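One-letter residues, chain by chain:
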Amino acid sequence: MEKMPITPKGLRFVLAGVIVMIAGYILLAGGGVRDPETFNYAMFDFRRLVAAPVVILCGITVIIAGIMNRGKDVESEKE
């Protein structure tokens, strides 16, 4: 039986990254208005323009780190 290319530790990183990305999308949500004739300045606040994209990018970084991380088991098999 072949080993999975991603380690259990890497899988935990991927799941943590997905959770962080979901938190970023939750921060991004909201700001809508019921009346299309009124302008809502709340959609241009710090949370939606800066914090949410930074949190989403952090989640993507954690996912990439989890995928690219090579466990100690993989390195010891090469020798």
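Structure first, text after, so check above.
How each quantity is defined
Residues numbered from 1 in each chain as written. Predicted model: local features only at pLDDT ≥ 70, side-chain atom pairs only at ≥ 80, totals over all residues. Heavy atoms only, no water. Helix = DSSP H or I, 4+ residues; strand = E, 2+ residues; numbered from the N terminus. Buried < 20%, exposed > 50% of the residue type's maximum accessible area, 1.4 Å probe, protein only. Contact = heavy atoms within 4.5 Å. Areas by Shrake-Rupley, 256 points an atom, 1.4 Å probe, with all protein chains shown as cover. Expected span 1.5 Å × (residues − 1). Phe/Tyr/Trp six-rings, centres within 6.5 Å; stacked < 30°, edge-to-face > 60°.

1. Structural notes on the overall build of the protein
When helices and strands are counted, the protein shows three helices and zero strands. In the protein, buried positions account for 19% of the 79 residues. Of the contacts formed within the protein by residues at least 6 apart in sequence, a portion of 69% connects residues at least 24 apart. Taken as a whole, the protein presents about 6,500 Å² of accessible surface, with 69% of it coming from carbon and sulfur.

2. Digging into helix H1 (residues 8-28)
Look at H1: 30 Å from first C-alpha to last across 21 residues, which is about the 30 Å you get at 1.5 Å a residue. Structurally, H1 contributes buried residues whose contacts are with helix H2 (46-68).

3. Side note on the environment of Ile63
Note that Ile63 resides in helix H2. Since its relative accessible area comes to 16%, Ile63 is described here as buried. A sequence separation of 50 residues divides Ile63 from Phe13, and the C-alpha atoms of the two residues are 6.1 Å apart. When residues no more than four places from it in sequence are discounted, the contact partners of Ile63 are Val14, Gly17, Val18 and Met21.

4. Overview of the packing of aromatic side chains
This model, assessed by the stated rule, comprises two aromatic pairs. Ring pairs connect the aromatic residues Phe39, Tyr41 and Phe44, which therefore count as one cluster.

Purely spatial values, then, with no claim about function.
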